Amino acid sequence: MDNLIERLQQVEAEAGQALAAASDEAALEEWRVKYLGRRGVITEALRGLGALPADERPGVGAVANQVKDRLSSLLAEKQEAVRRAALLQQLEQRQVDITLPAPPLRRGQAHITQQILQDIVDAFARLGFQVAEGPEVELDYYNFEALNIPKEHPARDMWDTFWIDDKGRPGEVLLRTHTSPVQVRVMEQTRPPVRVVVPGRCYRYEAVDATHESIFYQVEGLAVDESLTMADLKGTLVSFVHTIFGPKRRARFRCDYFPFVEPGVEMAIDCHGCGGSGCRLCKHTGWIEIMGAGMVHPNVLAGVGYDPNVYTGFAFGMGPERIAMLKYGIDDIRLFYGNDLRFLRQFGPLEVAR
Ligand code: FA5
């Protein structure tokens, strides 16, 4: 028994020295197989165990296990040291110059539609307008009826509508075709004076082309007070045009029809392509229409409980994509929502250094 234990101690000492000399992973593996492997030196040394009397075997077995455990933890330590040394060496060989500037990062930016919406809203905020919003899934009542467009009225044909099949309420729920219903919602909630702009998404069952999308934005405007006139409407909208397009743009108002205003107008600006002399862009008229507007119809005012004999107001509605198209010379509205980054990245910071 003593012999065996001595032999194990001898093996342990020898193994310790061998381990100290091993300096890479291959040598460590070789060492492991040699000393701790199934056919290794320790297993070999324990061959004689069977010849010992039964009561001595556990004592020797325990010593053997302790030796194995110690060697195993020595191995683990050494493996860690070797790995670390290899890593250090690797780092030294592959030195990185941390003072080099990093490659530029692309920074995100607001979508062109959001940018122009912000510009439009800012232009009106300067004139004292507040921002209001309303639901995109709207009731027929707000989208049409309260705007002086009763059921079966032919003016409904002006808006190709997506109807929503709401259980038990056929023909009552729709995707709003314009932001004008928010006029009514705002007036229901407030007393005059009112001055709001309403940016928001609208939906129409359109044949999509270069100037029509089926999902697009509008910005509505509404002002109601005791003595507002057409002059206020014109002054406000001309100021808006100058803020967005520059002080040289001229505005033209002509009669138009919308059931919820009386009188109704369309506003056009002189064509930036030709300065008003006529070109392909303005279809040789010299003018480009940018919005519908008018004095709020007395029926609409009365419908929300405003006395039309006391209060008057003006309202307008424009397509911000079209405003952006004119401002930036974009010739197809489908570019806005085609998710083509080559187009979108033109409207923001391209790259900035970290
Ligand atoms: C209206 O929707 C009225 N609610 C505007 C209004 C408000 C008039 C208040 C009077 C008082 P219209 O259908 O013309 O009007 O649309 C207004 C603007 O929305 C258009 O000039 C256009 O710029 C934009 N627009 C309309 N349909 C589309 C479409 N399919 N795609 C993109 N823009 C559109």
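An account of the accompanying structure is given in this report.

### What about the state of the cysteines?
So, step 1. With the rule as written, the count across this model stands at 0 disulfides.
So, step 2. Left unpaired, cysteine 271 is separated from the closest cysteine sulfur, that of cysteine 279, by 3.7 Å.
So, step 3. Using a relative accessible area of 16% as the deciding quantity, one classes cysteine 279 as buried.

### Notes on the site of the ligand
So, step 1. With respect to spatial proximity, 24 residues lie near the ligand, and among them His178, Ser180, Arg204, Glu206 and Glu213 are the closest.
So, step 2. Taking glutamate 206, its side chain carries an N or O atom lying 2.9 Å from a nitrogen atom of the ligand.
So, step 3. The backbone of glutamate 213 places a nitrogen or oxygen atom 2.8 Å from a nitrogen atom of the ligand.
So, step 4. Protein chains bury 94% of the 670 Å² of accessible surface belonging to the ligand in isolation.
So, step 5. Mapped onto the shell around the ligand, the elements with two or more residues apiece are strand 6 (215-225), strand 9 (287-296) and strand 10 (312-318).
So, step 6. Per-element accounting of the shell around the ligand gives the leading share, 4 residues, to strand 10.
So, step 7. Counted by class, the shell around the ligand contains 10 nonpolar, 9 polar and 5 charged residues.

Parameters and conventions
- In this numbering scheme, every chain counts its residues from 1 along its sequence in written order.
- pLDDT decides what is reported in this predicted model: residues at 70 or higher carry local features, side-chain atom pairs at 80 or more are listed and counted, and totals for whole chains, interfaces and linings draw on all residues regardless.
- Just so you know, side-chain values use all the structure's heavy atoms and leave hydrogens and water out.
- Criterion for a disulfide: a pair of cysteine sulfur atoms at a distance within 2.5 Å.
- Buried means the residue's accessible area, taken with a 1.4 Å probe over protein chains only, is under 20% of the maximum for its type, while exposed means over 50%, and partly exposed covers the values in between.
- Near residues are defined by distance, with any heavy atom within 4 Å of the molecule or strand qualifying the residue.
- Nitrogen and oxygen atoms within 3.5 Å of one another constitute a polar contact, given that in protein one can donate a hydrogen and the other can accept it, and given that sequence-neighbouring residues count only through two side-chain atoms.
- Here, Shrake-Rupley sampling with a 1.4 Å probe gives the accessible areas, and only protein chains in the shown set may cover a residue.
- Numbering of helices and strands runs from the N terminus; a helix is a DSSP stretch of H or I covering at least four residues, while a strand is a stretch of E covering at least two.
- Note on residue categories: nonpolar means Ala, Val, Leu, Ile, Met, Phe, Trp, Tyr, Cys or Pro, charged means Asp, Glu, Lys or Arg, and polar means any other residue, Gly included.

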